[in-house]
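# Summary of structural features
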Amino acid sequence: MRLVSEEDASSYEAGIPSTCLLVDPLDGTKEFISGREDFTVNIALIENGAPSAGIIFAPALDRMFFTSGSGKLVVMDHEDTREILGGVVADQRAQPLILTSRSHLDPHTAEVVKHLQSTNVRQVGSSLKFALIAAGEADLYLRLAPTMVWDSAAGQALIEAAGGVVLRPDGIRLPYLAEMKNEGFVAACTISLAERVLMLIRSLRNTGPPD
């Protein structure tokens, strides 16, 4: 099985194979350099163009999130370990907790977040955003600018194991089919929340922001 790593350009010269291990040894480089704790190590197993298992490890926080593809998410915090069964997600908050990128918040994403009118928005670095949604600690991560496959694959495996979804803006499950970049996504704890956001995205694209 091929190992594809962000730090080894030769490993992805021919693109992403349909089955591989996809590794990002340091996600959130700016957070790491700035002395923040929200940087991660990401490892995902890609099978037939989709993430089937994944690990996100936040060493400075001493937190690990992983799934073996069995429909179960395991969260390890210090000496505490808990399991989240697939399809069992926390009730949505009255105001969804929306996570955005601290270092890469693009104008399109910011506009959609503004129109969601949530008073509960938090900036977080790295793929930790996916892990927090999978663990029931947040509800939505929206990114409508291009990102690399190793930034999303492990997190997608975690969220899907916990019963959530990661969808392209056109509503299709985010795929991993040779391309190094994806063109944005909606990661949500439930399909209903994702659909609400996708509807807003389509509305803003068709009509533009209201006066």
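Data block above holds the structure.
This text gives an overview of the structure that appears in the document. Values in this document were obtained by computation on a predicted structure and should not be read as measured data. (Residues numbered from 1 in each chain as written. Predicted model: local features only at pLDDT ≥ 70, side-chain atom pairs only at ≥ 80, totals over all residues. Heavy atoms only, no water.)

### Structural notes on the overall build of the protein
- The secondary structure content of the protein amounts to five helices and 14 strands.
- Its C-alpha atoms give the protein a radius of gyration of 16 Å, near enough to 17 Å, the size a compact globule of 211 residues would have.
- Dimensions of the protein, computed from C-alpha atoms along their principal axes, come out at roughly 50 × 40 × 35 Å.
- Every one of the 211 residues in the protein was classed for burial, and the buried ones make up 49%.
- As presented, the protein carries roughly 9900 Å² of accessible surface, and 53% of it is formed by carbon and sulfur atoms. (Helix = DSSP H or I, 4+ residues; strand = E, 2+ residues; numbered from the N terminus. Rg over C-alpha atoms; globule rule 2.2 N^0.38 Å. Buried < 20%, exposed > 50% of the residue type's maximum accessible area, 1.4 Å probe, protein only. Areas by Shrake-Rupley, 256 points an atom, 1.4 Å probe, with all protein chains shown as cover.)

### Here we look at the pattern of salt bridges
- Per the stated rule, a full pass over the model turns up nine salt bridges.
- Measuring nitrogen to oxygen at the nearest pair gives 2.2 Å for the salt bridge that ties Asp-77 to Arg-63. Of this pair, Asp-77 sits in strand S6 (residues 72-77) while Arg-63 is found in strand S5 (residues 63-67), placing the two residues 14 residues apart along the sequence. For the pair shown, Asp-77 and Arg-63 are each scored as buried.
- Sharing partners across several salt bridges, the network here consists of Arg-63, Asp-77, Arg-82 and Glu-137. (Salt bridge = Lys/Arg side-chain N within 4 Å of Asp/Glu carboxyl O.)

### Quick word on the side chain of Thr-67
- Along the chain, Thr-67 turns up in strand S5.
- Here the side chain of Thr-67 touches Gly-69 through a polar contact of 3.2 Å, landing on its backbone nitrogen.
- Non-local contacts of Thr-67, meaning those with residues more than four positions away in its chain, are made with Ala-53, Gly-54, Lys-72, Ala-157, Leu-158 and Ala-161. (Polar contact = N/O pair within 3.5 Å; in protein donor to acceptor, adjacent residues only side chain to side chain. Contact = heavy atoms within 4.5 Å.)

### A short note on the sheet that holds strand S1 (residues 2-5)
- Here seven strands make up an open sheet; going across it, the order is S1-S2-S3-S4-S5-S6-S7 and the pairing mixed. With partners counted over all chains shown, the strands left at the sheet margins are S1 and strand S7 (80-85), one partner each. Here the strands of the sheet are splayed against their neighbours by 15 degrees on average, with no regard to which way each runs.
- Where strand S3 (residues 40-47) and strand S4 (residues 50-58) come together, seven bridges link them in antiparallel fashion. (Pairing = 2+ DSSP bridges. Axes fitted to C-alpha atoms, helices over the stretch in contact; angles between N-to-C directions.)

### Focus on the packing of helix H2 (residues 107-116) against helix H5 (residues 191-207)
- At a minimum axis separation of 10 Å, H2 and H5 run at an interaxial angle of 115 degrees. In terms of crossing hand, the pair formed by H2 and H5 is right-handed. Facing His-108, Glu-111, Val-112, His-115 and Leu-116 of H2, the residues of H5 in contact are Arg-196, Val-197, Leu-200, Ile-201, Leu-204 and Arg-205.
- A breakdown of the residues in the contact of H2 with H5 according to their chemical character gives six nonpolar, two polar and three charged. (Left-handed = near helix turned anticlockwise from the far one by under 90°. Nonpolar A, V, L, I, M, F, W, Y, C, P; charged D, E, K, R; others polar.)

### Considerations on the sheet that holds strand S8 (residues 98-101)
- Read from one edge of the open sheet, five strands run S9-S8-S10-S14-S12, paired in mixed fashion. Each having just a single partner strand, strand S9 (121-124) and strand S12 (165-167) make up the two edges of the open sheet. Sheet twist, expressed as the average angle between the axes of neighbouring strands with direction ignored, equals 20 degrees.
- Sheet contacts for H2: S8, S9 and strand S10 (140-143); angle to S10, the most-contacted strand, approximately 145 degrees.

### Digging into a nonpolar patch on the surface
- On the surface, Met-1, Leu-3, Leu-21, Ile-43 and Ile-55 cluster together into a nonpolar patch covering about 450 Å² of accessible area.
- Take Met-1: it is sitting in the segment before S1.
- Residue Met-1 is classed as exposed on the basis of its relative accessible area of 69%. (Patch = residues over 30% accessible without salt bridge, like charges linked within 9 Å, V, L, I, M, F, W, Y side chains within 5 Å.)

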